[in-house]
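Breakdown of the fold
This is what each chain is made of:
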Amino acid sequence: MTTEGTASVETALGEALAAIEEERDTLAEGAVRADRDAAFPKDSVEVLRRRRLLGAGIPAAHGGLGLDLPALAEIALRLGELCGSTAMIWAMHQIQVHALVRGAGKQPLIAEALRRAAAEQQLIASVTSEAGIGGNLRESRAALEPLGAGYEFTKHATTVSYGEEADAYLVTLRRGAAAAPADQVLVLARADQVRLRATGAWNTLGMRGTRSAPLELRGLVDAGQVLDEPFGAIATRSMVPVSHLLWAAAWTGIAAGAHRRAVHCSRARARTALRTGAFTPDPRLGRMHAALRALVDGVRQFAGDHARWERAGEFDGDLTARANALKITASEETVRVAVLALEVCGMAGYSEDGEFSVARHLRDLYSGRLMISNDKLNAVNSEVLLFGDDVLA
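Right, let's walk through the structure included here. This is a predicted model, so every value here is computed, not measured. Residue positions are counted from 1 within each chain, in the order its sequence is given. A pLDDT threshold of at least 70 governs which residues receive local features in this predicted model, and a stricter bar of 80 or more applies before side-chain atom pairs are shown or counted, although totals over entire chains, interfaces and linings include all residues. Only heavy atoms go into the side-chain values, all of them from the structure, while hydrogens and water stay out.

All right, on to the layout of surface pockets then. Points on a 1 Å grid, built from protein atoms alone, make a cavity when a 1.4 Å probe fits but cannot get out and make a pocket when they are open with protein on both sides within 12 Å along at least 5 of 7 lines; residues with an atom within 4 Å of a point are the lining residues. Grid points are joined across faces, edges and corners, and a volume is the space filled by probe spheres set on the points. Roughly 1,200 Å³ of volume is contained in the largest pocket. In terms of lining, the largest pocket is formed by 40 residues, of which the most central are Gly-135, Trp-247, Leu-370, Met-371 and Ile-372. Only DSSP runs of H or I covering at least 4 residues are called helices, and only runs of E covering at least 2 are called strands; the numbering of each starts at the N terminus. Those elements that provide at least two residues to the lining of the largest pocket are helix H5 (84-104), helix H7 (231-276), helix H9 (317-345) and helix H12 (374-386). Per-element accounting of the lining of the largest pocket gives the leading share, six residues, to H7.

Attention now moves to the nonpolar core. What is meant by a nonpolar core is a set of buried Ala, Val, Leu, Ile, Met, Phe, Trp, Tyr and Cys residues, joined one to another through side-chain atoms within 4.5 Å. Only protein chains enter the accessibility calculation, which uses a 1.4 Å probe; a residue is then buried when its area is under 20% of its type maximum, exposed when over 50%, and partly exposed in between. Counting residues in each nonpolar core, the largest one holds 111 residues, and the members touching the most others are Ile-75, Trp-90, Leu-217, Leu-245 and Trp-251. Ranked by residue count, the leading element in this core is H7, at 18 residues.

This part covers the sheet that holds strand S3 (residues 150-157). Taken together, four strands build an open sheet; the order of strands is S2-S3-S7-S6 and the sheet is antiparallel. Among the strands making up the open sheet, the edge pair consists of strand S2 (145-147) and strand S6 (194-198). Each neighbouring strand pair of the sheet contributes to a mean axis angle of 20 degrees, computed without reference to strand direction. Whether two strands pair depends on DSSP finding at least two bridges between them. Note on geometry: axes are C-alpha line fits, over the in-contact stretch for helices, and angles between N-to-C directions span 0 to 180 degrees.

Let's shift gears to the packing of aromatic side chains. Here is the rule: rings of Phe, Tyr and Trp (six-membered ring for Trp) pair when centre to centre is within 6.5 Å. Planes less than 30 degrees apart are stacked, more than 60 are edge-to-face, and the remainder are tilted. Enumeration over the complete set of coordinates arrives at two aromatic pairs. Seen from their ring centres, Trp-247 and Trp-251 are 6.1 Å apart, and the 40 degrees between their planes marks the pair as tilted. With a gap of four residues between them, Trp-247 and Trp-251 both fall in helix H7, about one helical turn apart. Here Trp-247 matches Trp-251 in class, with each residue buried. Plain terms: the ring middles of Phe-302 and Trp-309 are 6.1 Å apart, the flat faces sit at 70 degrees to each other, and that makes the pair edge-to-face.

Just to be clear on terms, a salt bridge is a Lys or Arg side-chain nitrogen sitting within 4 Å of an Asp or Glu carboxyl oxygen. The final tally for this structure, using the stated rule, is 26 salt bridges. Note that Asp-192 is salt-bridged to Arg-190, the shortest N-O span being 3.0 Å. On the basis of relative accessible area, Asp-192 is assigned to the exposed category, the value being 60%. Across the pair Glu-216 and Arg-218 runs a salt bridge whose closest N-O atoms are separated by 3.3 Å.

Our focus in this paragraph is the pairing of S3. In the sheet, S2 pairs with S3 via three bridges, with the strands oriented antiparallel. Note on S3: the bridge partner recorded for Pro-146 is Tyr-151. Taking the residues that link successive antiparallel strands as the turn, the S2-S3 hairpin has two residues, and the phi of Gly-148 there is positive, at about 60 degrees. The pairing of S3 with strand S7 (residues 215-222) spans eight bridges and is classified as antiparallel. Looking across to S7, one finds that Tyr-151 is bridged to Val-221.

Next up, the structure:
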């Protein structure tokens with residue numbers, strides 16, 4: 001990236017972070033409502049639209065902000081601190097955008113979809129899960145079926161985050177009825193091309209505002225809405241590493257929010273204790289800060305490395321292993337940070353109400369271990385590392 005391009009990204013990122021800070025109260029209040037009611041955070045997503053943050057990862061040539069992965073990670077961190085559900089919705093949308101960008105350079109309908117998404121600040125959802133395969137990203141049961149000049153499909157998804165609120169969907173499908181489960185394509189379907197049928201409810205421990213209920217989707221799309229690049233290649237270079245990066249950033253932001261509450265609670269207690277002359281700093285604050293600092297540094301390091309790999313076109317087993325490691329570490333260590341915050345705050349943290357409550361933060365963070373099982377990722381990494389180079393290389 002040129003110096004001019006870097007300056008432009010830094011300016012746009014600064015403006016985005018300033019906008020989030022200006023909307024802090026709306027986002028924080030929306031987090032409470034979304035969690036309490038298991039409701040989509042409409043007001044918070046409207047803030048993202050109004051501030052044009054849904055177009056953050058769309059290239060400037062298509063009307064977006066043109067932010068790179070390190071900048072997107074910073075936004076996810078900041079949003080996570082205020083509302084876990086909003087951060088995850090924004091992150092998952094950006095993951096879909098990133099998967100589309102390469103196709104936009106070669107396929108007119110994909111390019112037009114990105115321009116429309118930027119102009120209208122549309123929300124794009126992912127449909128990769130499926131009944132019968134669970135969260136196995138690399139296999140599909142549903143297939144494209146030729147119909148006239150286009151294709152139709154029916155897919156029974158086990159989870160579709162914000163599916164009933166989305167303006168478009170990225171759907172994994174077998175290339176055709178005779179194709180193997182792993183012979184997949186990625187299809188961009190507009191909301192007006194899809195019929196939805198809810199097949200279950202969403203009343204969960206955490207991430208309640210993402211509204212990730214199971215859906216049946218029946219769609220009819222033009223041939224040009226099927227991405228030319230095989231899904232396996234898109235998953236390796238984009239969807240898997242970018243998912244793990246932005247998920248990790250959102251979770252780390254949530255942990256930072258819990259950390260902030262623990263610090264404020266400790267300061268309030270310190271003010272009282274100092275009046276009596278008996279004050280001892282809580283060592284758990286130091287442990288919490290150390291764990292959180294390592295998480296933030298890990299997110300930023302991977303974001304910068306992936307951006308460099310992307311520019312060089314280097315996508316291999318090392319990228320997969322590092323992305324998996326980041327996801328595993330973030331999903332486990334952020335919970336540890338939130339538990340420490342709970343211990344510091346005590347009953348004030350255990351309560352669902354009040355300025356020192358970290359109940360929502362802890363519940364939201366437990367979702368991370370389930371968004372692609374850590375055991376599955378550890379198994380993948382074990383296989384990669386058996387035949388790979390030095391882990392410190």
